[in-house]
Amino acid sequence: MKKIELEIVALSHSLAQTQNYAIVLGEQEGARRLPIVIGEFEAQAIAVAMEGMAPSRPMTHDLFKNALTGFNIEIKEVVINNLVDGIFYANLICILDGKQTEVDSRTSDALALAVRFGCPIYTFEFILEQAGIILEEETEKEVQRAKNRRTDRQPKTKTLDEQSVDELSKLLQNALESEDYEKAAKIRDELNKRNNS
């Protein structure tokens, strides 16, 4: 079967399941998207790697990458190879001394490692046919409007750009201590923006 290369195009709260997140993979040579619901901790693990953040202590996926690298094992690619009853299955394609081995993995863990190793992500046509979607522009606008409505209902707090550097530094420290790496990345970006201006 021919493999189809995917890339991570979005990571956001799941609109359907409030406790979960959705990672959206997109075809590199097409318009289809593959949304996969993942848990909060898995989303954090992916977000930390995507943002290039370095936690004070290694997270589980960092530890696993360090162990593999220490034993000269490379993850060549990740393949999302099956979909059964709404659950995605994946394999890590690993290389050791020129020999290739497939390792069964939860899809969220495989994606967290793919980001850390910088390796490609693939799937097959039958999976995109079953679970792939094409987001039309209007659908994306509706999703954004729904997010805006939820935000408007929440009490107003100072936005990041309204806070001082000292306030941002404290917020960043609190976010890192509570392991809220998504929030920490936003705060870091705001601090970097101010330092570069």
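The structure we're discussing is the one just above.
Definitions and limits used
Residues numbered from 1 in each chain as written. Predicted model: local features only at pLDDT ≥ 70, side-chain atom pairs only at ≥ 80, totals over all residues. Heavy atoms only, no water. Phe/Tyr/Trp six-rings, centres within 6.5 Å; stacked < 30°, edge-to-face > 60°. Buried < 20%, exposed > 50% of the residue type's maximum accessible area, 1.4 Å probe, protein only. Lys NZ or Arg CZ within 6 Å of the ring centre and 35° of its normal. Pairing = 2+ DSSP bridges. Helix = DSSP H or I, 4+ residues; strand = E, 2+ residues; numbered from the N terminus. Axes fitted to C-alpha atoms, helices over the stretch in contact; angles between N-to-C directions. Parallel < 35°, antiparallel > 145°, perpendicular 65-115°, else oblique. Left-handed = near helix turned anticlockwise from the far one by under 90°. Contact = heavy atoms within 4.5 Å. Core = buried A, V, L, I, M, F, W, Y, C linked by side-chain atoms within 4.5 Å.

Q: I'd like a rundown of the packing of aromatic side chains, residues and numbers included.
A: One pass over the structure, following the stated rule, counts one aromatic pair. Look at phenylalanine 124 and phenylalanine 126: their rings are 6.4 Å apart centre to centre, the planes differ by 10°, and that puts the pair in the stacked class. On the basis of relative accessibility, which here comes to 11%, the residue phenylalanine 124 falls in the buried class. One Lys or Arg, lysine 3, reaches over the ring of tyrosine 122 and ends 4.7 Å from the middle of that ring.

Q: Which residues make up the pairing of strand 4 (residues 74-84), and what values do they have?
A: For strand 4 and strand 5 (residues 87-96), the ladder comprises nine bridges, and the chain directions are antiparallel. Paired with asparagine 82 across the two strands is tyrosine 89, which belongs to strand 5. Hairpin geometry of strand 4 and strand 5 is characterised by an intervening segment of two residues between the two adjacent antiparallel strands and by a positive phi of about 50° at aspartate 85. In this structure, strand 4 lies alongside strand 7 (residues 121-124), joined through three bridges in parallel fashion.

Q: Just give me the short version of the packing of helix 2 (residues 60-70) against helix 3 (residues 107-117), but keep the residues and values in it.
A: Axis separation between helix 2 and helix 3 bottoms out at 10 Å; the angle between their running directions is 60°. Comparing their axes, helix 3 and helix 2 come out oblique. Crossing hand, helix 2 versus helix 3: right-handed. Listed contacts from helix 3 to His61, Asp62, Phe64, Lys65, Leu68 and Thr69 of helix 2 are Asp109, Ala112, Leu113, Arg116 and Phe117.

Q: Mind laying out the nonpolar core, listing which residues take part and the relevant values?
A: Ranked by size, the top nonpolar core spans 41 residues in total, and within it Leu25, Leu34, Ile36, Ile75, Val78, Ile80 and Phe88 carry the most contacts. When residues no more than four places from it in sequence are discounted, the contact partners of isoleucine 36 are Tyr21, Ala22, Ile23, Leu25, Ile80, Phe88 and Thr107.

Q: Before we move on, can you summarise unusual backbone geometry with the specific residues and values?
A: Its identity is not glycine, yet asparagine 72 carries a phi of approximately 60°, on the positive side. Tracing the chain through its elements places asparagine 72 in the loop between helix 2 and strand 4.

Q: Any chance you could break down the environment of isoleucine 80 for me, citing the residues and the numbers?
A: As for its position among the elements, isoleucine 80 is in strand 4. Relative accessible area serves as the criterion here: at 0%, isoleucine 80 is assigned to the buried category. Separated by 44 residues in the primary sequence, isoleucine 80 and phenylalanine 124 have C-alpha atoms spaced 7.5 Å apart. If sequence neighbours within four positions are ignored, isoleucine 80 has contacts with Leu6, Leu25, Ile36, Phe88, Tyr89, Ala90, Thr107, Ile121, Tyr122, Thr123, Phe124 and Ile127.

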